[in-house]
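Chain and residue survey
So the chains spell out like this:
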Amino acid sequence: MRSIAFVVLLLAASAVAQDSVAEGRRFRVTAHFPDRAAARLALRDVEAVWSEASSFFGTKGFGKRLEVHLYRNMSNYAAAERQITGGQFRNSGAFSAYSTRAAYVALQPGCGAGELREFGLPMLTRVQLAHEACHVVSYHATENYRAHPSWYGEGIAMWASIKAIVADEDGPGPEGDPYTARLMRQAAGLHEAGRLPRVRDILRGAIGNLGTYERYAVWWAFFRMLMEGPDRRAFLEIAEEVNRGRCGPNVRQFLVRRLDEKLGGLDRLDKEFLASVERQRPAWDEQLRSLEWTERGWIQRAFATSQAVVWRTADAGPAPYVFEGDVTLLSGRRAPVRLLFARRDQGHFALEFAPDDAVRLLRYDGGRSKVLAEKRTALCRTGSRLSLI
């Protein structure tokens, strides 16, 4: 990740006894649990989004630090969210409020203090911190932020946060990272099913037939095309008009008209949008979060209620299959961990590390599993490191 200079200050006097507070140049992060390292890590991620967010909204600062809050789990987050928005965002795990002009994010998937120290914040939490921090910048930088259409407000927050957190020059890049690969596959799936919205429908907010995750995938794909394609300069000139309030009260209508006039027509943008979705080559099919790239390699963390499931999109080819590498089992959950491979229409195989001290080779066909081989070993216990050859 690009290096970002900031100063960290832990404030004990002004914080609640169980809070950990970190201050940077632009943001102040309050982790509502006693973990100074987590507060510092969250600060790093919200400071990282400042460059793109401030450039887009045309601000150099506000003379004060912007507020971001991090919660240890969803129940603590939900209690805080209920007091601010009355439950509107209780299940989302992250939101930013117009009333407070601050951001609120839950740590998810849940992880222990040791895991946080060793591997840092989960990727989902990191992106959500940067995403909501971008919203907070817009709340302070513009007067008409409430009138921004969803594709515009969510689009810049998604693009800037992914640019800051996922598009790391040392990491696998957007197509190689499971987080963004999932967004790409959702957009591609809509296209293949004939459900990808036309540009005019995106601009007018007429995509209510899509699910929540599908809408976010569409907004990111469209905004990414505008910010990373040949229309970037022209689009930023339009965005400057919006952000400075030179657009009248109906921001949505203004954007439809100006993009049509200045970017060669909405029909042309339709063709560009379809082509941009078709050019994507996601390397992963993440079905249940989350697989994450870290400086130390890949780490997979699951939510408490589900197994994390992710596949490579490249065909595994015919057998035999050889595995090489090290696997460390971190979780204390009494649930099996499975390495999935050789997915076909009729099923797949899995190498299972079970809590009953067994390694099993499984074959799945039509939802049924069959044990092909089994070996008992104490290496399946939490904290063990396995070498696969």
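In this report, we go over the structure that sits alongside the text. (Residues numbered from 1 in each chain as written. Predicted model: local features only at pLDDT ≥ 70, side-chain atom pairs only at ≥ 80, totals over all residues. Heavy atoms only, no water.)

Overview of the overall build of the chain
What the chain contains, in helices and strands, is 12 helices and 15 strands. For 389 residues, the compact-globule estimate of 2.2 N^0.38 gives 21 Å, and the chain sits close to it at 23 Å. The C-alpha extent of the chain, read off along each of the three principal axes, is 70 × 55 × 40 Å. With 389 residues in all, the chain has 49% of them scored as buried. If you sum the accessible surface of the chain, you get close to 19300 Å²; carbon and sulfur atoms cover 48% of it. When the 55 basic and 45 acidic side-chain charges of the chain are each reduced to a single mean position, those positions are 2 Å apart. (Helix = DSSP H or I, 4+ residues; strand = E, 2+ residues; numbered from the N terminus. Rg over C-alpha atoms; globule rule 2.2 N^0.38 Å. Buried < 20%, exposed > 50% of the residue type's maximum accessible area, 1.4 Å probe, protein only. Areas by Shrake-Rupley, 256 points an atom, 1.4 Å probe, with all protein chains shown as cover. Lys, Arg positive; Asp, Glu negative; His and termini not counted. Charge placed at Lys NZ, Arg CZ, Asp CG, Glu CD.)

Remarks on the state of the cysteines
Applying the stated criterion to the full structure yields zero disulfides. With no disulfide of its own, C247 has C134 as its nearest cysteine by sulfur position, at a separation of 17 Å. Using a relative accessible area of 9% as the deciding quantity, one classes C247 as buried. (Disulfide = S-S within 2.5 Å.)

Points about the nonpolar core
Counting 83 residues, the largest nonpolar core has F27, F56, W151, F222, F235, L259 and F273 as the members making the most contacts within it. Look past the residues within four positions of F27 in its chain and what remains in contact with it is A22, L43, V46, E47, W50, R65, L66, V68, A133 and V137. By size, the runner-up hydrophobic cluster in this structure holds eight residues, among which are Y71, A80, F95 and Y104. (Core = buried A, V, L, I, M, F, W, Y, C linked by side-chain atoms within 4.5 Å. Contact = heavy atoms within 4.5 Å.)

Thoughts on the packing of aromatic side chains
For any pair of aromatic rings, the description rests on two quantities: the centre-to-centre distance and the angle between the ring planes. This structure, assessed with the given rule, holds 23 aromatic pairs. Each ring, one from F89 and one from F95, has its centre 5.4 Å from the other, and the planes form 5 degrees; the classification is stacked. For F89, a relative accessible area of 27% corresponds to the partly exposed category. Note on F95 and Y104: the rings are 4.8 Å apart at their centroids and 15 degrees apart in plane angle, and the pair reads as stacked. Taken individually, F95 and Y104 each receive the classification buried, so the pair is uniform in this respect. Among the aromatic residues, ring-to-ring pairing joins F56, F57, W151, Y152, F222, F223, F235 and F273 into one connected group. The residue whose ring lies beneath R72 is F33, and the NZ or CZ to ring-centre distance is 5.5 Å. Taking the ring centre of W284 as reference, the NZ or CZ of R312 above it sits at 4.6 Å. (Phe/Tyr/Trp six-rings, centres within 6.5 Å; stacked < 30°, edge-to-face > 60°. Lys NZ or Arg CZ within 6 Å of the ring centre and 35° of its normal.)

Purely geometric stuff here, so don't read any function into it on its own.
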